[in-house]
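Tertiary structure, described
Single-letter residue listing:
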Amino acid sequence: MAADAGDVAEFEAHRRRLFGLAYRMLGSAAEAEDVVQDAYLRWRDAAPDHPTAWLTKVVTNLCRTRLTSSRATRETYIGPWLPEPVAAAALGPLETAEQRESVSIAFLVMLERLTPAERAVVVLREAFSYGYREIAGLLDLTEANCRQLYGRASRRLHDRPRFADPDLARWKEIVARFIAAAQEGDLAGLEKVLAEDVVAWTDGGGALPAARKPVEGRAKVARWASRIVTKFGAGYAYALGEVNGQPAIIATLGGRVAAVVVIDLDGDLVARAWTMVNPAKLSQLGPVASL
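Below, the structure is looked at part by part. Small disclaimer: the values here were computed from a predicted structure and weren't measured.

**A short note on the overall build of the chain**
Within the chain, the secondary structure is distributed over 12 helices and 7 strands. Relative to its length of 291 residues, the chain is compact, with a C-alpha radius of gyration of 20 Å against a globular reference of 19 Å. Of all 291 residues assigned to the chain, the portion counted as buried reaches 47%. Long-range pairs, those at least 24 residues apart, make up 66% of the contacts in the chain with a sequence separation of at least 6. Carbon and sulfur atoms make up 52% of the accessible area of the chain, which totals about 13,700 Å². In the chain, 36 side chains carry a positive charge and 36 a negative one; their mean positions are 5 Å apart.

What follows is the structure, encoded as structure tokens:
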């Protein structure tokens, strides 16, 4: 059945919210787009009376199914698995600290610890402010079960790193020092901007050279950053942009995004670095707002 212009316009009014939901559930922009398109095809044929609730339920359950089938794939992923970076404009309002945390790289990585049902409850409650009764209706569970799932998930997430939103001017200053020291191979200069317990993850997905395990500790991360930039970063241009509601380093080569580095600060020191170089994950990245 072909959709008329009114049907299409009504669905488009929901699209960004549905994409934001699917992306938080899956950590993949490509898969989120596929889920939204699948939801559109089902919505077009169903013509529900309450499209917001109906679409939310369909998207959430499509994501739960995908998470179940993709778990084995992610367990055999080469090196650390990191979510696809997404331009902030695609994710809806990111005005509060809670909204920004719900799409942060660190938070999405931690969500990988959860079962699909636990992840659904956490995303619906923390990112979209649904009550337990509403969540129960969306997931076809009891309210008590949803509370139990949320409690169990919260315990698994209790040790997630939490950093205050950085002062942007200060973040730029520290990151500029980080990049300059890495380009110059200045290990002492790098160590001055790194926390003692700093950790760096690199997602190459087996397509590009990347550390197969997290790099931990000031001295090791300094050597890692210097080696990555001096050996593999020749000819790259570096700019500062925003992905996932966070400031990030955007490295381009020949006008193509070649790497995205999200850096979390603890005070005035780099505490976490998340580097995405897997071309398959960067191909979905749209225009990034410049900082």
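**Structural notes on the packing of aromatic side chains**
Applying the stated criterion to the full structure yields 6 aromatic pairs. Between Tyr132 and Tyr150 the ring centres are 6.1 Å apart and the planes differ by 70°, which places this aromatic pair in the edge-to-face class. With Tyr132 in helix 7 (residues 132–139) and Tyr150 in helix 8 (residues 143–156), this residue pair connects regions lying 18 residues apart in the sequence. When its relative accessible area of 11% is taken as the criterion, Tyr132 is described as buried. On the numbers, 4.1 Å between centres and 5° between planes, the contact of Trp201 with Trp274 is stacked. Linking Trp201 in strand 1 (residues 194–203) with Trp274 in strand 6 (residues 269–276), this pair joins segments that are 73 residues apart in sequence. No difference in accessibility class separates Trp201 from Trp274, as the two residues are buried. Members of the aromatic cluster, connected to one another through ring pairs, are Phe11, Tyr40 and Trp43.

**Structural notes on the pairing of strand 3 (residues 237–243)**
Pairing of strand 3 with strand 4 (residues 246–253), which is carried by 7 bridges, proceeds in the antiparallel orientation. If you follow Tyr238 over to strand 4, its bridge partner there is Ala251. In this antiparallel pair of consecutive strands, strand 3 and strand 4, the connection spans 2 residues, and Asn244 shows a positive phi of 50°.

**Side note on the state of the cysteines**
Taken as a whole and assessed by the stated rule, the structure comprises 0 disulfides. Among the cysteines around Cys146, which has no disulfide bond, Cys63 carries the closest sulfur, lying 16 Å off. On the basis of relative accessible area, Cys146 is assigned to the buried category, the value being 0%.

**Description of the nonpolar core**
Ranked by internal contacts, the top residues of the largest apolar core, which has 49 residues, are Phe19, Met25, Val59, Leu111 and Val122. Those elements giving two or more residues to this core turn out to be helix 1 (5–26), helix 2 (29–46), helix 3 (51–75), helix 5 (105–111), helix 6 (116–127), helix 7 and helix 8. Sort the elements by how many residues they give to this core and helix 1 lands first, with 8 residues. Non-local contacts of Val122, meaning those with residues more than four positions away in its chain, are made with Phe107, Leu111, Leu114, Ala127, Tyr150, Ala153 and Leu157.

**Considerations on helix 7**
Taken together, the buried positions of helix 7 are Tyr132, Ile135, Ala136, Leu138 and Leu139. One side of helix 7 holds all its buried residues, which, seen down the axis, span an arc of 165°. Note on helix 7: the residue one or two positions beyond its end, Asp140, has a positive phi of about 55°.

**Thoughts on helix 11 (residues 218–232)**
Given a rise of 1.5 Å per residue, 15 residues ought to cover 21 Å, and the 21 Å separating the end C-alpha atoms of helix 11 matches this to within 8%. Here helix 11 has its buried residues at Val221, Ala222, Trp224, Ala225, Ser226 and Val229. Tucked into the core, helix 11 has its buried residues touching helix 9 (168–184), helix 10 (187–192), strand 1, strand 2 (215–216), strand 3 and strand 6.

**Examining the pattern of salt bridges**
Tallying each qualifying case throughout the model produces 15 salt bridges. Residues Arg170 and Glu173 are paired through a salt bridge, measuring 2.7 Å at the closest nitrogen-oxygen approach. With Arg170 and Glu173 both in helix 9 and 3 residues apart, the pair spans about one turn of that helix. For Arg170, a relative accessible area of 26% translates into the label partly exposed. What makes Glu173 partly exposed here is its relative accessible area of 41%. When salt bridges with common partners are traced through the structure, they connect Glu31, Arg66, Arg74, Glu112 and Arg119 into a single cluster.

**Side note on the environment of Glu134**
Take Glu134: it is sitting in helix 7. For Glu134, a relative accessible area of 45% gives the class partly exposed.

So, how was this worked out
Residues numbered from 1 in each chain as written. Predicted model: local features only at pLDDT ≥ 70, side-chain atom pairs only at ≥ 80, totals over all residues. Heavy atoms only, no water. Helix = DSSP H or I, 4+ residues; strand = E, 2+ residues; numbered from the N terminus. Rg over C-alpha atoms; globule rule 2.2 N^0.38 Å. Buried < 20%, exposed > 50% of the residue type's maximum accessible area, 1.4 Å probe, protein only. Contact = heavy atoms within 4.5 Å. Areas by Shrake-Rupley, 256 points an atom, 1.4 Å probe, with all protein chains shown as cover. Lys, Arg positive; Asp, Glu negative; His and termini not counted. Charge placed at Lys NZ, Arg CZ, Asp CG, Glu CD. Phe/Tyr/Trp six-rings, centres within 6.5 Å; stacked < 30°, edge-to-face > 60°. Pairing = 2+ DSSP bridges. Disulfide = S-S within 2.5 Å. Core = buried A, V, L, I, M, F, W, Y, C linked by side-chain atoms within 4.5 Å. Arc of directions from axis to C-beta. Expected span 1.5 Å × (residues − 1). Salt bridge = Lys/Arg side-chain N within 4 Å of Asp/Glu carboxyl O.

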